[in-house]
Amino acid sequence: MAEETFATILIGDSHYAAIATAAQEFLAFTPETRGCDLIFFDAWKHALRYPFTVDVEGKSVLNPDLAQSIRTIAYNYDKVQLVTVLGGGHHLALTLLDNDHPMDVVLPGRPDLLLRDDATLVSVDFAKDIFLQLIKSSFKVLSAMKAEFPELPLTQLECPPSNGDNDYIRAHLGNYFEDNYTVEQLNAISTPAQRYKFWIIQSQMYADKCRELGIEYMPVPAQAISSDGFLKPEHFGSDSTHANSAYGRIILNAIEDRLGQKLMAWNSFG
């Protein structure tokens, strides 16, 4: 066991699964010993619907059960950091399929990116207004977590880049899309350039919010991104919107680099 013990507490929505799976593949499971450990909230057990915040007297606060779990872990380690993987899939829920009304945008600094002739051109500000309706709940969680644990280092991870392979997407859409869209809609897949642009806009919104709250924002490591800005094929997940455990391993490496220590083991809570 290390002389000084460290815990990285990972909390997040569905993109956390790539990291948690990588931990199970590459780290030891040690429920009774402590070292330099990754401890993730077991969102699988809650079908990814666990309420990270609750309303108290008209104000969103961190779920007291979650807050108590974090305090218990912190009590048992010399140092603790919080890492969140909140939101992330909203740019794809909005743009992966055309939904009969394809949108496109001119990305500042990248006028070279292709525009669709059949899409409605919207401004970046208009796109942000739409996104805000989708991701404001994630912003509430970040605000509540920072307010509850102002003394703990807190980092929000950028969500994985979009998948740029339309053939792969068509064959691996996933349950969310297959259960909620018609056959015609499922065949109306957006262009890679659309997905890239809206991923960039969403990422900028998270980065700006983190800066406002005093939270570190960790971009996706460059080795996971293709030369044209998409998730590398070796990191494709089992559906069109998620990454795999090889991607999770890259994130674990980034966490280790930030810590200056190798992660030794994993555990879960919740």
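Placed above this text is the structure.
Residues numbered from 1 in each chain as written. Predicted model: local features only at pLDDT ≥ 70, side-chain atom pairs only at ≥ 80, totals over all residues. Heavy atoms only, no water.

**Concerning a nonpolar patch on the surface**
Using the following cut-off: A patch consists of residues exposed above 30% relative accessible area that lack any salt bridge, with like charges linked at up to 9 Å and nonpolar side chains (Val, Leu, Ile, Met, Phe, Trp, Tyr) linked at up to 5 Å. Using a 1.4 Å probe, accessible areas were evaluated by the Shrake-Rupley method; residue-level cover was limited to the displayed protein chains. By definition here, a salt bridge exists when the distance from a side-chain nitrogen of Lys or Arg to a carboxyl oxygen of Asp or Glu is within 4 Å. Secondary structure is summarised from DSSP: a helix means a run of H or I of at least four residues, a strand means a run of E of at least two, and numbering begins at the N terminus for each.
On the surface, a cluster of nonpolar side chains totalling about 260 Å² of accessible area is made up of V106, L115 and L121. Position of V106 relative to the elements: it lies in the loop between β7 (103–104) and β8 (120–121).

**Details of the layout of surface pockets**
The following threshold applies: Using only the protein atoms, space was sampled on a 1 Å grid; points where a 1.4 Å probe fits but cannot get out form cavities, open sets with protein on both sides within 12 Å along at least five of seven lines form pockets, and lining residues are those with an atom within 4 Å of a point. Grid points are joined across faces, edges and corners, and a volume is the space filled by probe spheres set on the points. Charged means Asp, Glu, Lys or Arg here, nonpolar means Ala, Val, Leu, Ile, Met, Phe, Trp, Tyr, Cys or Pro, and polar covers whatever is left, Gly included.
Roughly 850 Å³ of internal volume is contained in the largest pocket. What lines the largest pocket is a set of 32 residues, and nearest its centre among them are D13, S14, L48, H90 and H242. Every element with two or more residues in the lining of the largest pocket is listed here: α3 (90–95), α4 (124–148) and α6 (175–180). The element best represented in the lining of the largest pocket is α4, accounting for 4 residues. Residue composition of the lining of the largest pocket, by class: 15 nonpolar, 13 polar and 4 charged. If you go around the second largest pocket, you meet 14 residues; those closest to its centre are P31, I39, I73, Y77 and N267.

**Looking at the side chain of S245**
Spelled out, the test is: Using a 1.4 Å probe on the protein chains alone, a residue whose accessible area is under 20% of its type maximum counts as buried, one over 50% counts as exposed, and one in between counts as partly exposed. The term polar contact refers here to a pair of N or O atoms within 3.5 Å; inside protein, the definition further demands a hydrogen-donor-capable atom paired with an acceptor-capable atom, and it admits residues adjacent in sequence only when both atoms are side-chain atoms. Contact between two residues is taken to exist if any of their heavy atoms lie within 4.5 Å; hydrogens are not considered.
As for its placement among the helices and strands, S245 is situated in helix α9 (residues 245–259). Under the relative-accessibility criterion, S245 is labelled buried at 17%. At 3.0 Å, the side chain of S245 forms a polar contact with the side chain of E25. Those residues in contact with S245 that lie beyond four places of it in its chain are A18, T21, A22 and E25.

**What to know about the packing of aromatic side chains**
For the record, the criterion: Planes of paired rings set the category: under 30 degrees apart is stacked, over 60 is edge-to-face and the rest tilted, where pairs are Phe, Tyr or Trp rings (Trp by its six-membered ring) whose centres lie within 6.5 Å.
Tallying each qualifying case throughout the model produces 14 aromatic pairs. For the pair Y50 and F52, a centre-to-centre distance of 5.8 Å together with 55° between the ring planes defines the contact as tilted. Under the relative-accessibility criterion, Y50 is labelled buried at 18%. Since its relative accessible area comes to 8%, F52 is described here as buried.

**Considering the pattern of salt bridges**
Enumeration over the complete set of coordinates arrives at 11 salt bridges. Between R170 and D167 there is a salt bridge; the shortest N-O distance is 3.6 Å. With R170 and D167 both in helix α5 (residues 166–171) and 3 residues apart, the pair spans about one turn of that helix. Given a relative accessible area of 58%, D167 falls into the exposed group. With a shortest N-O distance of 2.5 Å, E216 and R258 are connected by a salt bridge. Within this pair, whereas E216 is found in strand β10 (residues 216–218), its partner R258 is found in helix α9, the two being separated by 42 residues in sequence. In this structure E216 comes out as partly exposed when scored by relative accessible area, which is 34%.

**Structural notes on the environment of H235**
Mapped onto the fold, H235 is located in the loop between β10 and α9. According to the relative accessible area criterion, H235 is buried, its value standing at 5%. Counting along the chain gives 217 residues from H235 to A18, while the straight-line C-alpha distance between them is 9.7 Å. With sequence-adjacent residues up to four places away left out, H235 is seen in contact with Q223, A224, H242, A243, N244, A246, Y247 and I250.

**Focus: the nonpolar core**
Rule in force here: Among the buried residues, those of types Ala, Val, Leu, Ile, Met, Phe, Trp, Tyr and Cys that are joined through side-chain atoms within 4.5 Å form a nonpolar core.
Counting 79 residues, the largest nonpolar core has I11, L38, L66 and I70 as the members making the most contacts within it. Once residues within four sequence positions are removed from consideration, I70 is found in contact with I9, I11, L62, L82, F149 and L152. If you look at the next biggest cluster of nonpolar residues, it comprises 9 residues, including L92, F177, Y181 and L186.

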